[in-house]
Amino acid sequence: MLNPMNTESRAHYQGGYYILRSLYSFVPDTAVNYELIKQLKIGLEERLVGMYLNGADNFIVFTSKALYWVRKDRESVCFYSEVKELKLPAQEQVDDEREIEIALKDGDFLFLPVINDTEGLLDIYLVANFLQAAVSGHENLQELGDLIAKLKSEVERYKIQPLAWKQPMPVEYIQTIILYLEDCLSACLQEAASGSSAAYDVQRLLQPQTWRLMAEVILAPKSFGHGIQPPEPLV
């Protein structure tokens with residue numbers, strides 16, 4: 001059984017529900033007909049955001065990890081973590097095409113139709129905004145996980161080869177940072193943050209650039225020449 005989002009989960013999930021809820025063709029998780037989507041192989045750990053109806057036999061199901069595009073007897077699954085880039089049609093073509101071009105990291109493409117409008121405004125723009133937020137959120141968490149792994153690796157390397165650093169590494173301080181970042185990552189993955197107390201808000205805090213810059217700052221004292229030993233003193 002899919003896990004519908006409660007109020008706190010919606011607030012935490014990068015505003016996704018709030019981006020889409022104003023669209024006439026969007027059905028929130030609480031109103032989705034589960035009989036309609038029961039054939040989809042949605043993971044137990046995924047939370048349902050809702051679905052967008054292009055038509056009776058053409059709709060898109062959004063979860064916390066992926067989109068599922070269903071048309072007649074065909075289904076396409078696209079995990080946000082697999083997306084390299086999103087592209088909208090040119091301004092002069094968007095009225096006719098109404099497809100979001102999704103470039104995948106494996107070199108493939110998915111052209112996702114979003115054909116309806118809400119009070120004369122094309123839905124494709126808000127759906128694209130939601131997808132960009134979802135993709136960015138996964139990039140943010142990946143960058144955070146990479147930073148944690150890098151800091152752990154550097155601590156272990158320093159214990160073996162301290163002369164690879166220009167200045168002594170503040171090991172205890174960095175280990176404290178690692179514990180904090182692991183707690184931050186765990187809170188994000190478990191959707192523990194909520195509403196106004198969202199200390200780990202993915203969109204506002206965990207930008208990929210933030211974690212890359214933090215890695216550079218923390219590891220700044222490290223020598224560029226790994227493994228270079230000082231010359232032996234003259235006897």
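It should be noted that the structure appears before, not after, this text.
Residues numbered from 1 in each chain as written. Predicted model: local features only at pLDDT ≥ 70, side-chain atom pairs only at ≥ 80, totals over all residues. Heavy atoms only, no water.

Broken down by element type, the protein carries eight helices and 11 strands. Within the protein, the proportion of its 235 residues that are buried is 46%. In the protein, the proportion of contacts linking residues at least 24 apart, taken out of those at least 6 apart, comes to 57%. (Helix = DSSP H or I, 4+ residues; strand = E, 2+ residues; numbered from the N terminus. Buried < 20%, exposed > 50% of the residue type's maximum accessible area, 1.4 Å probe, protein only. Contact = heavy atoms within 4.5 Å.)

For Ile-174, the position within the fold is in helix H6 (residues 171-189). Note: C-alpha distance between Ile-174 and Leu-219 (45 residues apart in sequence) is 9.5 Å. Leaving out residues up to four positions away in the same chain, Ile-174 has contacts with Leu-151, Val-155, Met-169 and Ile-218.

Strands sit in the order S7-S8-S9 across an open sheet of three strands; the sheet is antiparallel. Of all the strands in the sheet, just strand S7 (83-87) and strand S9 (109-113) have a single pairing partner and so form its edges. Across the sheet, the axes of successive neighbouring strands diverge by a mean angle of 25 degrees, strand direction being ignored. With five bridges connecting them, strand S8 (residues 99-104) and S9 associate as antiparallel partners. Along S9, the bridge assignment pairs Glu-101 with Phe-111. In this fold helix H5 (residues 124-160) packs onto S7, S8 and S9, with an angle of close to 20 degrees to the strand it touches most, S8. (Pairing = 2+ DSSP bridges. Axes fitted to C-alpha atoms, helices over the stretch in contact; angles between N-to-C directions.)

With that settled, consider the environment of Val-27. With respect to the helices and strands, the residue Val-27 is situated in strand S2 (residues 26-28). What makes Val-27 buried here is its relative accessible area of 17%. In sequence terms Val-27 and Tyr-52 are 25 residues apart; their C-alpha atoms lie 6.2 Å from each other. Look past the residues within four positions of Val-27 in its chain and what remains in contact with it is Val-32, Gly-50, Met-51 and Leu-53.

The next subject is the side chain of Arg-98. Secondary-structure assignment places Arg-98 in the loop between helix H4 (94-97) and S8. Salt bridges are absent for the buried Arg-98, whose nearest opposite-charge side chain, Asp-117, sits at 4.1 Å. Separated by 2.5 Å, the side chain of Arg-98 and the backbone oxygen of Ile-115 make a polar contact. When residues no more than four places from it in sequence are discounted, the contact partners of Arg-98 are Pro-89, Leu-112, Pro-113, Val-114, Ile-115, Asn-116, Asp-117, Leu-122 and Ile-124. (Lys, Arg positive; Asp, Glu negative; His and termini not counted. Salt bridge = Lys/Arg side-chain N within 4 Å of Asp/Glu carboxyl O. Polar contact = N/O pair within 3.5 Å; in protein donor to acceptor, adjacent residues only side chain to side chain.)

Quick look at the packing of aromatic side chains now. Under the defined criterion, the tally for this structure stands at four aromatic pairs. Summarising the aromatic geometry, the rings of Tyr-158 and Trp-165 are spaced 6.0 Å apart at their centres and angled 80 degrees between planes, so their arrangement reads as edge-to-face. When its relative accessible area of 14% is taken as the criterion, Tyr-158 is described as buried. Under the relative-accessibility criterion, Trp-165 is labelled buried at 6%. An aromatic cluster of at least three residues, connected via ring pairs, comprises Phe-62, Tyr-80 and Phe-130. (Phe/Tyr/Trp six-rings, centres within 6.5 Å; stacked < 30°, edge-to-face > 60°.)

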